[in-house]
Amino acid sequence: MNGFLQSRQINGGTPTLKEWGINSETGVLRDVLVGSIDHFSWRDGNATSRRHMRDGVQFDTAVAKAQYQEMLDVYRQADVNVHILPAQADQPYSIYARDSSVMTPWGPIISQMYSPWRRAEWISVLNFYREKEIPIFDVVSAGTFEGGDFMLIEPGAVLCGCSGERTSLAGAEQVKGWFEKEGWEFKIGRFDPHFLHMDVQCVMVADKLAAVCSAVLPDDVLAWLKQKNIDFIDVPYKDAMELGCNIVSLGNERVLLPAESKTLKEQCLAHGLTVFDPDINMITKGGGGVHCMCQPLRRD
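Residues numbered from 1 in each chain as written. Predicted model: local features only at pLDDT ≥ 70, side-chain atom pairs only at ≥ 80, totals over all residues. Heavy atoms only, no water.

Draft legend 1. Looking closely at helix H5 (residues 219–227). Among the residues making up H5, those that are buried are Val221, Leu222, Trp224 and Leu225. With its buried residues spanning 160° around the axis, H5 presents them on a single face. Residues Asp219, Lys226 and Gln227 are exposed on H5 and point more than 90 degrees away from its buried face. Those residues of H5 that are buried lie in contact with strand S6 (150–154), strand S7 (157–162), strand S8 (185–190), strand S9 (202–206), strand S10 (209–212) and strand S11 (231–234). (Buried < 20%, exposed > 50% of the residue type's maximum accessible area, 1.4 Å probe, protein only. Helix = DSSP H or I, 4+ residues; strand = E, 2+ residues; numbered from the N terminus. Arc of directions from axis to C-beta. Contact = heavy atoms within 4.5 Å.)

Draft legend 2. Structural context of the packing of aromatic side chains. Tallying each qualifying case throughout the model produces 16 aromatic pairs. Note on tryptophan 106 and phenylalanine 179: the rings are 5.2 Å apart at their centroids and 70° apart in plane angle, and the pair reads as edge-to-face. You can see tryptophan 106 sitting in the loop between strand S3 (101–104) and strand S4 (107–110) and its partner phenylalanine 179 sitting in helix H4 (residues 169–181), a full 73 residues away along the chain. Summarising the burial analysis for this pair, tryptophan 106 and phenylalanine 179 share the class buried. Relative to tyrosine 237, the ring of phenylalanine 195 lies with its centre 6.4 Å away and its plane at 85°, an arrangement referred to as edge-to-face. In this pair, phenylalanine 195 is assigned in the loop between S8 and S9 and tyrosine 237 in helix H6 (residues 237–241), connecting sequence segments 42 residues apart. Under the relative-accessibility criterion, phenylalanine 195 is labelled buried at 14%. Put simply, the rings of Trp106, Phe137, Phe145, Phe150, Trp178, Phe179, Trp184 and Phe186 pair up and form one aromatic cluster. (Phe/Tyr/Trp six-rings, centres within 6.5 Å; stacked < 30°, edge-to-face > 60°.)

Draft legend 3. The arrangement of the side chain of glutamine 174 in detail. Note on placement: glutamine 174 falls in helix H4. Each residue touching glutamine 174, except ones within four places of it in the same chain, is listed here: Val140, Ser141 and Ala142.

Draft legend 4. Spotlight on the environment of arginine 298. In this fold, arginine 298 is placed in strand S15 (residues 295–299). Along the primary structure arginine 298 and isoleucine 22 are separated by 276 residues, whereas in three dimensions their C-alpha atoms are 5.4 Å apart. Residues within four places of arginine 298 in sequence aside, it is in contact with Glu19, Trp20, Gly21, Ile22, Val28, Leu29, Arg30 and Asp31.

Draft legend 5. Structural detail: the state of the cysteines. On inspection of all chains with the given rule, the structure shows zero disulfides. Looking at cysteine 160, it has no disulfide partner, and the nearest cysteine sulfur is the one in cysteine 162, 7.0 Å off. Summary of cysteine pairing: cysteine 294 is not part of a disulfide, and the nearest cysteine sulfur, belonging to cysteine 292, is at 9.9 Å. The exposure class assigned to cysteine 294 is buried, which follows from its relative accessible area of 0%. (Disulfide = S-S within 2.5 Å.)

Draft legend 6. Focus on the pattern of salt bridges. By the definition in use, this model includes twelve salt bridges. One salt bridge connects aspartate 220 with lysine 187, and the closest N-O pair in it is separated by 2.8 Å. Taken together, the residues aspartate 220 in helix H5 and lysine 187 in strand S8 connect sequence positions 33 residues apart. With a relative accessible area of 18%, lysine 187 lands in the buried category. Connected via shared salt-bridge partners are Asp99, Arg118 and Glu121. (Salt bridge = Lys/Arg side-chain N within 4 Å of Asp/Glu carboxyl O.)

Draft legend 7. Up close: the sheet that holds strand S5 (residues 138–139). What the three strands build is an open sheet, ordered S3-S4-S5; its pairing is mixed. Both edges of this open sheet fall to S3 and S5, since each of them pairs with a single strand only. As defined by bridge partners, S3 adjoins S4 across four bridges and the pair is classed as antiparallel. Pairing of serine 101 across the sheet is with isoleucine 110, part of S4. Along the sheet face, helix H3 (residues 121–132) touches S3 and S4 and points at about 160° away from the line of S4. Along the sheet, H4 contacts S3, S4 and S5; its crossing angle with S4, the most-contacted strand, is approximately 160°. (Pairing = 2+ DSSP bridges. Axes fitted to C-alpha atoms, helices over the stretch in contact; angles between N-to-C directions.)

Draft legend 8. Structural view of the pairing of S4. In textbook terms, the turn of a hairpin is the stretch between consecutive antiparallel strands, and for S3 and S4 this stretch comprises two residues. As paired elements, S4 and S5 share two bridges and run parallel to each other. The partner of isoleucine 110 across the bridge, within S5, is valine 139.

Draft legend 9. Inspection of unusual backbone geometry at higher detail. A positive phi angle is found at leucine 243, which is not glycine, with a value near 65°. Here leucine 243 is to be found in the loop between H6 and strand S12 (248–251). The phi dihedral of asparagine 252 falls on the positive side, at around 55°, and the residue is not glycine. Structurally, asparagine 252 can be placed in the loop between S12 and strand S13 (254–256). The class of asparagine 252 is exposed, set by a relative accessible area of 59%.

Draft legend 10. View of the nonpolar core. With 39 residues, the main nonpolar core has Leu225 and Cys268 as its most contacted residues. Breaking this core down by element, the ones donating at least two residues are S6, S7, S9, S10, H5, H6 and helix H7 (262–270). Per-element accounting of this core gives the leading share, five residues, to S9. With residues near it in sequence (within four places) discarded, cysteine 268 still touches Val205, Ile233, Val255, Leu257, Leu273 and Val275. Grouped together as the second largest cluster of nonpolar side chains are 33 residues, Ile22, Tyr129, Ile134 and Val140 included. (Core = buried A, V, L, I, M, F, W, Y, C linked by side-chain atoms within 4.5 Å.)

Shown next, in the form of structure tokens:
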């Protein structure tokens, strides 16, 4: 081991954490890390925000803050302990806490952000983990890697998106090597940078159930999920581009999704799930939804 920034055992066999950590996207969520909204506003660093800004839609800080609080209320209603990163004026997109680190069964991985104006976010998350005395599994040092591309589909299996921008092949391959040393399967899905992150196209809703936009999700990823006997709720392309796939499984057959995801909500209810659907459209228009804002720290 190499001090605080690498608790990972080089040859595998890293001990799992006892008080923190996750091994899936669908276990009961107990603790979540969310970024602050205090300095959030839209930036033109992704196709979603550029489209709304081009169309003349105006950002409203008061509305965004009220919607953010509504989302936090859902977590509290669901008995989730919410941790909020300190506000940083030079980190307007740190609200999307999914990206700057990812939690594993063995501790968090610190990401390597693509956008120059997001690269300082690793400092905030590193300080958070240090304060909580949560050991860092490792730090990405090859290429770029962002948490919106990373999902623990189920215990033992990871799906990692790779657009070549927000997550590069070098970054994905580095993390893949770490997981394979721990005995996990690690699927890399290549896609066009237009689609931002993998969690725009595919997110787990519940055990063996995923919301996918089959119109854009790569065929090899669809086939891989089917091999794992995962059922699909198909989300239309237009909904997906408004972050309609970007949801959070709360565990125990409960799901958090945006109010605008009406098609997905209907399908989730048809599957017998309990749905929480706050209106967060002033935030999603900036290019990130509830999944982007959620970094699970502990799941059953």
